[in-house]
Structure formats: structure tokens, C-alpha cells
Amino acid sequence: MTKCRILVLNGPNLGHIGKRQPEIYGSRGMDDLGLMVGESLGEAAGRIELSFFQANGEGQLIDRLEQAWRDKLDGVAFNAGAFTHTSLALADCLAWIGIPCVEVHLSNIFARTDQPLRQQSLMGRSAIGVVAGFGMMSYVLAVSALWQHWLTKNS
Ligand code: DQA
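Residues numbered from 1 in each chain as written. Predicted model: local features only at pLDDT ≥ 70, side-chain atom pairs only at ≥ 80, totals over all residues. Heavy atoms only, no water.

**Student:** What is the right way to look at the packing of helix H2 (residues 33-41) against helix H5 (residues 137-153) in this model?
**Tutor:** For any two helices packed against each other, the geometry is given by the interaxial angle and the distance between the axes. Put simply, H2 and H5 touch, their axes get as near as 10 Å, and they point 55° apart. With respect to H5, the element H2 is oriented oblique. As H2 packs across H5, the resulting crossing turns out to be right-handed. Every residue of H5 that contacts H2 at Leu33, Met36, Val37, Ser40 and Leu41 is listed here: Met137, Tyr139, Val140, Val143 and Ser144. (Axes fitted to C-alpha atoms, helices over the stretch in contact; angles between N-to-C directions. Helix = DSSP H or I, 4+ residues; strand = E, 2+ residues; numbered from the N terminus. Parallel < 35°, antiparallel > 145°, perpendicular 65-115°, else oblique. Left-handed = near helix turned anticlockwise from the far one by under 90°. Contact = heavy atoms within 4.5 Å.)

**Student:** What should I look at first to understand the sheet that holds strand E4 (residues 101-105) in this one?
**Tutor:** Pairing between the strands of a sheet is mediated by backbone hydrogen bonds and can be parallel or antiparallel. Strand order in the open sheet made by the 5 strands is E2-E1-E3-E4-E5, with parallel pairing throughout. Looking along the sheet, the strands with just one partner apiece sit at the ends: strand E2 (48-54) and strand E5 (129-132). Neighbour-to-neighbour, the strand axes of this sheet turn through a mean angle of 20°, independent of strand direction. Here 7 bridges tie strand E1 (residues 4-10) to E2, and the two strands are oriented parallel to one another. Looking at E2, one finds that Leu7 is bridged to Ser51. (Pairing = 2+ DSSP bridges.)

**Student:** Explain the side chain of Asn79 to me, please; I cannot follow it from the model alone.
**Tutor:** Relative to the assigned elements, Asn79 resides in strand E3 (residues 75-79). Taking the relative accessible area as the measure of exposure, Asn79 reaches 3% and is therefore buried. A polar contact is formed between the side chain of Asn79 and the side chain of Tyr139, at a distance of 3.1 Å. The contact partners of Asn79, leaving out residues within four places of it in the chain, are Leu9, Asn10, Gly11, Leu14, Val104, His105, Leu106 and Tyr139. (Buried < 20%, exposed > 50% of the residue type's maximum accessible area, 1.4 Å probe, protein only. Polar contact = N/O pair within 3.5 Å; in protein donor to acceptor, adjacent residues only side chain to side chain.)

**Student:** I'm lost on the site of the ligand in this one. Help?
**Tutor:** All residues in the neighbourhood of the ligand are listed as Arg20, Tyr25, Asn79, Gly81, Ala82, His85, His105, Leu106, Ser107, Ile109 and Arg118. In this structure, Ser107 approaches the ligand through a side-chain N or O atom, which is 2.6 Å from an oxygen atom. In the environment of the ligand, an oxygen atom lies 2.8 Å from a nitrogen or oxygen atom belonging to the side chain of Arg118. Here the residues of the shell around the ligand sort into 4 nonpolar, 5 polar and 2 charged. (Near = heavy atom within 4 Å. Nonpolar A, V, L, I, M, F, W, Y, C, P; charged D, E, K, R; others polar.)

**Student:** Before we go on, may I ask you to explain the nonpolar core in this structure?
**Tutor:** Grouped burial of nonpolar side chains is what soluble globular proteins tend to show. Counting 26 residues, the largest nonpolar core has Ile17, Met30, Leu33, Leu106, Met136 and Tyr139 as the members making the most contacts within it. Those elements that place two or more of their residues in this core are E1, H2, E4 and H5. The element that contributes the greatest number of residues to this core is H5, accounting for 7 residues. Residue contacts for Leu106: discarding those within four places in its chain leaves Leu14, Ile17, Tyr25, Asn79, Gly133, Phe134, Gly135, Met136, Ser138 and Tyr139. Among the nonpolar cores identified, the runner-up in size contains 19 residues, and Leu61, Leu73, Ala80 and Leu94 belong to it. (Core = buried A, V, L, I, M, F, W, Y, C linked by side-chain atoms within 4.5 Å.)

**Student:** Whenever I open this one, the state of the cysteines confuses me. Can you help?
**Tutor:** What is meant by a disulfide is a covalent connection between two cysteines, made through their sulfur atoms. All told, the structure shown has 0 disulfides when counted by the stated rule. Cysteine Cys4 remains unbridged, with the sulfur of Cys101 as its closest cysteine sulfur at 13 Å. On the basis of relative accessibility, which here comes to 1%, the residue Cys101 falls in the buried class. (Disulfide = S-S within 2.5 Å.)

**Student:** Just checking my understanding: could you explain the pairing of E3 for this structure?
**Tutor:** The side chains of a regular strand alternate, residue by residue, between the two faces of the sheet. In terms of burial, E3 is largely enclosed, as 5 of its 5 residues are buried. Side chains Gly75, Ala77 and Asn79 project from E3 onto one buried face, and the interleaved Val76 and Phe78 project onto a second face that is buried too. Relative to E3, E1 runs parallel, the two sharing 5 bridges. Bridge pairing links Asn10 to Asn79 in E3. One ladder, built from 3 bridges, connects E3 with E4; its direction is parallel. Following the sheet pairing, Ala77 is matched in E4 by Val102. You can see the chain leave E3, run along helix H4 (residues 88-97) and come back into E4, and the turn it takes is right-handed. (Right-handed = clockwise from strand over helix to strand, strands pointing away.)

Structure follows, in C-alpha cells:
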């Protein structure tokens, strides 16, 4: 049976989720994601193939997205970290590769009124949607949205 292949892509300072400022970003780590997707999506989880990549550099993230395009992946759950707010280059890449992307944030960036720059996203315009504010559950919700999107297109 064909699987829905989703890349979970993390940008700078997201290599230690669960340890970095847990009061803002939560205490669950990326290692928990497979289990959480299984718990949340049940049988459907068996039809989803997750791959993971994290990099601190913008170029490495673009290279990985281009690889995803060559591999014809079905979706990207992308937390670009601080690049969300600054990187036209990553937004440009998402726009041309055309892989359905869900922008992910652990924190609710729109509620971070003390730092207005964090409320803006350059990525959002190239994404099919945004999930923010649910800690690691944001990734589960993004995977679920990409799965539903894939099902709609492949049934
Ligand atoms: C983040 C929010 C960004 O503003 C920040 O730079 C991050 C993490 C989040 O997941 O809440 O690195 O993307």
C-alpha cells in the first residue's frame, strides 16, 4: 500500500527540543513524535512514513527541501525557528518546490506580543496552513493535516 511520506524539518536551535527553555517550548522531545502520532492517528499512522532532519543553517535547510522535491515527498511539517521571521530564501524555496507544507511552532508566535517580530511569518504564504502553540502536539497536528490533505488528493 502506498505510504504518505512526510518530512519533519527543524531549523536553528531546534536540535534540543524538550531541553531548550521548556517554559516556552515544552518538555517533550522530538523522540516522542513517532509515539504521539501513533497514539493520535491510530491505524492511519501505519500509512505514514516520517523522516526527520534538523539543521542550524539556512542553506542546509534549502538543500534538504530540494532533496525532498527530488524524492517527490508528499508533505513537509516545517518549524523554521527564527528563520520563520526572516528568511525570504526559505519562503522562496517552499514556493517553487510545491510540496504541501505545514508551518509548525511549539509556541504560539501570535501571542508573543513582547517580541512583535516573532508574530510575523515569511513562511506562512507558502504553506497550506500553520499550527502554533501546542508544544510537540503542534507537530502531530501538522502531520495529521498533511495526511488528510494527501488522502483528499489520493482517493
Ligand atoms: C519557534 C518560534 C520562533 O520564534 C523561535 O525562533 C524558535 C521556535 C517555535 O517553535 O515556537 O526557534 O519556531
